[in-house]
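This is what each chain is made of:
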Amino acid sequence: MTSLYSRELEIAQLAVQRASILTKRVFHETSKGTVSKDDASPVTIGDFGAQALIISALKHNFPHDEIVAEEEATELRANPPLRDQIWELVRTTSLDDVAAEGLLGGGIKDADAMLDIIDQGNSKGGKVGRVWTIDPIDGTKGFLRGGQYAVCLALLEDGDVKVGAIGCPNLPVDDAAPLTADIGANATDDEGRGVLFSAVIGQGATSRPLKVGALAEGRSISMKPLTDMSNASFCESVEAGHSNQSESAQIAQKLGITKQSVRMDSQAKYGSIARGAGDIYLRLPTSKTYQEKIWDHAAGDLIVREAGGQVTDIKGNRLNFGVGRTLATNSGVIAAPKAVHSQVLSVVQEVLGVK
């Protein structure tokens, strides 16, 4: 008997795996060309290429599902050399297992089809129906510096996350490898690196080596039981613009955390705490008006909760993925083991003056 969402999980994992191959090729083979974007984060050709490959796989398998993705192809239509560079990568990237590649529907027909596919990520989201959310390269600055980034995919059904998959090409495969202060950069030697995290609602969370063909055997993961806060390690963003780091330091001090925070980009943070390599992830608001994007959190939120964690905003509310393309009703993110989440939350609220 197949379990609920088993097909969605398989396609999501394979789609992330195939897109991850493209991102690694971009890092190693190209000039990592960037085009400017309104929110000033660098967008690489890998973003467009990975999004095209993922949407193509989803539309082949689930043609009626909606998709919320980060990129649109307008700039590529106006820039044929960039379009052609991306198309060459997309055209020549595939899983090296024929059956697995077949499950994803194989390649894309031509460059024009690729542009149309990229533009199919324009759903407004919401709390009705099935909506996939994609971040083709989460942590573009981490990607560019050879640090941590992630290829992220999640399925929402009526606003709830049901399936999540996160590919982290530069994280250690070993679930027991502790987080080190330098993990945020120079992590591109392929030996022993590359991990695929996944979860289905109610079925637990899994980690497996990120491969280039069929899926590797998975292992069940869970958050580390945290008995002594002084031994805790917490993760935060590298970019000061993404999370308020001085407040994080105050929170750590009040909790009795003595270890230096580990700073890395992307949802690699969610995966790291889900498998017990870290304990707490704080993303504190840097402005009153900024709204987090749903694609930056959906997969990680589910994977941490399925690994025995709790994820809320700074007011203690669960993240609401059903209000559109952003987490408009939430502010900040606190992810921690269930047993200590309320303790972390109360200190966060004390430091931030949240009522």
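A brief structural summary. Since the model is a prediction, treat every value here as computed from it, not as a measurement. (Residues numbered from 1 in each chain as written. Predicted model: local features only at pLDDT ≥ 70, side-chain atom pairs only at ≥ 80, totals over all residues. Heavy atoms only, no water.)

Moving on, we come to the packing of aromatic side chains. Each aromatic ring pair is characterised by the separation of its centres together with the angle its planes make. Under the definition given, this model contains four aromatic pairs. In this structure an aromatic cluster arises from ring pairing among Phe27, Phe143 and Tyr149. Seen from the ring of Phe62, Arg130 lies directly overhead, with NZ or CZ sitting 5.3 Å from the centre. (Phe/Tyr/Trp six-rings, centres within 6.5 Å; stacked < 30°, edge-to-face > 60°. Lys NZ or Arg CZ within 6 Å of the ring centre and 35° of its normal.)

A few words on the packing of helix 1 (residues 6-29) against helix 2 (residues 45-61). One can describe the packing of helix 1 onto helix 2 by two numbers: an axis separation of 9 Å at closest approach and a directional angle of 155 degrees. Taken together, the axes of helix 1 and helix 2 are roughly antiparallel relative to one another. Handedness of the helix 1/helix 2 crossing: right-handed. Counted together, Arg7, Ile11, Ala15, Arg18, Ala19, Leu22, Thr23 and Val26 of helix 1 and Ile45, Gly46, Gly49, Ala50, Leu53, Ile54, Ser56, Ala57 and Asn61 of helix 2 form the full contact between these two elements. When grouped by side-chain class, the residues that make up the contact of helix 1 with helix 2 number ten nonpolar, five polar and two charged. (Axes fitted to C-alpha atoms, helices over the stretch in contact; angles between N-to-C directions. Helix = DSSP H or I, 4+ residues; strand = E, 2+ residues; numbered from the N terminus. Parallel < 35°, antiparallel > 145°, perpendicular 65-115°, else oblique. Left-handed = near helix turned anticlockwise from the far one by under 90°. Contact = heavy atoms within 4.5 Å. Nonpolar A, V, L, I, M, F, W, Y, C, P; charged D, E, K, R; others polar.)

A separate point is the sheet that holds strand 12 (residues 280-283). Taken in spatial order, the five strands line up as 11-10-12-14-13 in an open sheet, and their pairing is mixed. The open sheet terminates on both sides in strands that have one partner only, identified here as strand 11 (262-263) and strand 13 (309-312). Where strand 12 and strand 14 (residues 333-337) come together, three bridges link them in antiparallel fashion. Paired with Leu282 across the bridge in strand 14 is Ile334. Contacting strand 10 (234-236), strand 11 and strand 12, helix 8 (residues 245-255) crosses the sheet at an angle of about 170 degrees to strand 10. Along the sheet, helix 10 (residues 298-306) makes contact with strand 13 and strand 14, crossing strand 13 at roughly 145 degrees. (Pairing = 2+ DSSP bridges.)

Structurally, Gln203 can be placed in the loop between strand 7 (193-200) and strand 8 (205-209). On the basis of relative accessible area, Gln203 is assigned to the partly exposed category, the value being 41%. When the C-alpha atoms of Gln203 and Ser261 are compared, they prove to be 31 Å apart, with 58 residues separating the residues in sequence. Setting aside chain neighbours within four positions, we find Gln203 in contact with Ser3, Leu4 and Glu306. (Buried < 20%, exposed > 50% of the residue type's maximum accessible area, 1.4 Å probe, protein only.)

The next point concerns the side chain of Arg208. Of note, Arg208 is situated in strand 8. Of the side chains with opposite charge, Glu217 lies nearest to the buried Arg208, which makes no salt bridge, at 6.1 Å. (Lys, Arg positive; Asp, Glu negative; His and termini not counted. Salt bridge = Lys/Arg side-chain N within 4 Å of Asp/Glu carboxyl O.)

Another point: helix 4 (residues 80-91). Taking 1.5 Å of rise per residue, the twelve residues of helix 4 would be expected to cover 16 Å, and the 16 Å separating its terminal C-alpha atoms lies within 8% of that figure. For helix 4, every residue scored as buried is listed here: Leu82, Ile86, Trp87, Leu89 and Val90. Taken down its axis, helix 4 places every buried residue within 160 degrees of arc, on the same side. (Expected span 1.5 Å × (residues − 1). Arc of directions from axis to C-beta.)

Counting buried residues in helix 10 gives nine out of nine residues, a clear majority hidden from the surface. In the stretch just after helix 10, Gly308 is the one whose phi turns positive, near 100 degrees.

A separate point is the sheet that holds strand 3 (residues 66-69). Sheet architecture is open: seven strands sit in the order 3-4-5-6-7-8-9, paired in mixed fashion. Pairing within the sheet leaves two strands with one partner each, and these edge strands are strand 3 and strand 9 (219-221). Within this sheet the neighbouring strands show an average axis-to-axis angle of 20 degrees, counted without direction. Bridging between strand 4 (residues 130-138) and strand 5 (residues 150-157) involves seven bridges; their strand directions are antiparallel. Residue pairing across strands places Ile134 opposite Leu153, the latter belonging to strand 5. Its contacts with the sheet put helix 2 on strand 3, strand 4 and strand 5, and the angle it makes with strand 4 is roughly 155 degrees. On top of the sheet, helix 10 reaches strand 4, strand 5, strand 6 (160-172), strand 7 and strand 8; it is set at about 95 degrees to strand 6, its chief contact.

By the element assignment, Thr312 lies in strand 13. Look at Thr312 and you get buried, because its relative accessible area is 4%. Here the side chain of Thr312 touches His341 through a polar contact of 3.2 Å, side chain to side chain. Excluding anything up to four places from it in sequence, Thr312 contacts Asn317, Arg318, Leu319, Gly332, Val333, Ile334, His341 and Leu345. (Polar contact = N/O pair within 3.5 Å; in protein donor to acceptor, adjacent residues only side chain to side chain.)

What follows covers the nonpolar core. Core analysis: the largest hydrophobic core is formed by 53 residues, its most contacted members being Val90, Met114 and Leu153. In terms of nonpolar packing, the next biggest core, distinct from the first, is built from 41 residues, Ile183, Tyr281, Ile294 and Val304 among them. (Core = buried A, V, L, I, M, F, W, Y, C linked by side-chain atoms within 4.5 Å.)

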